[in-house]
Amino acid sequence: MSTGEELLREHGLRVTRPRLAVLEVLAEGGHLEVDEIARQVRDRLDSVSTQAVYDVLGALSRAGLARRLEPAGSPARFEARAGDNHHHIVCRGCGAIADVDCAVGERPCLTPGSQHGFEVDEAEVTFWGLCPACQARRRAD
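Residues numbered from 1 in each chain as written. Predicted model: local features only at pLDDT ≥ 70, side-chain atom pairs only at ≥ 80, totals over all residues. Heavy atoms only, no water.

A.B. asks: Can you break down unusual backbone geometry residue by residue, with the values?
C.D. replies: Across the chain, the bulk of peptide bonds are trans and the bulk of non-glycine residues have phi less than zero. For D46, which is not glycine, the phi torsion reads 75° and is therefore positive. Its place among the elements puts D46 in the loop between α3 (34–45) and α4 (50–62). The exposure class assigned to D46 is exposed, which follows from its relative accessible area of 68%. (Helix = DSSP H or I, 4+ residues; strand = E, 2+ residues; numbered from the N terminus. Buried < 20%, exposed > 50% of the residue type's maximum accessible area, 1.4 Å probe, protein only.)

Shown next, in the form of structure tokens:
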């Protein structure tokens, strides 16, 4: 398993403390908003601006080390699981997000009726519904 320093170097990125801290936060899992990532990075480094975190996340996303997702009506979220063409399911009640593996297991797992001359290599799907906790709250109401 590669260290954060090795990952950054392998992807042509300079090794900096903010980049290493953001990688550590993302490696812990989840679909995190920038403010949460910045808070956790500050716990590790004491001082880092939110703009610096945005810049790091942009660099990591462009390098394929992070994935940005933007569910409709929600702020952008970031995750470390990148490059495997998985999808997401979002709770309409609380906004919780979970990963959904590709149904077919190949890229792309969905084929459009018309490709309009494009060579399709990825499909991005967001499923929407209610998580178990929100379902229970709805039944209790």
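A.B. asks: Explain the sheet that holds strand β3 (residues 77–79) residue by residue, including any values.
C.D. replies: With antiparallel pairing, the three strands of this open sheet are ordered in space as β1-β3-β2. For this open sheet the edge positions go to β1 (32–33) and β2 (67–69), each flanked by a neighbour on one side alone. In this sheet, β3 lies alongside β1 in antiparallel orientation, the contact comprising two bridges. For L32, the partnering residue across the bridge sits in β3 and is F78. (Pairing = 2+ DSSP bridges.)

A.B. asks: Pulling in residues and values, what's your account of helix α2 (residues 17–27)?
C.D. replies: Side chains of residues three or four places apart in an α-helix project in the same direction, reflecting 3.6 residues per turn. Restricting attention to buried positions, one finds in α2 the residues R19, A21, V22, L23, V25 and L26. Buried residues belonging to α2 abut α1 (4–10), β1, α3, α4 and β3. A side-chain oxygen of the first residue of α2 lies 3.2 Å from the backbone nitrogen of R19; this N-cap is T16. Positive phi appears at G29, one or two residues downstream of α2, with a value of about 100°. (Contact = heavy atoms within 4.5 Å. Polar contact = N/O pair within 3.5 Å; in protein donor to acceptor, adjacent residues only side chain to side chain.)

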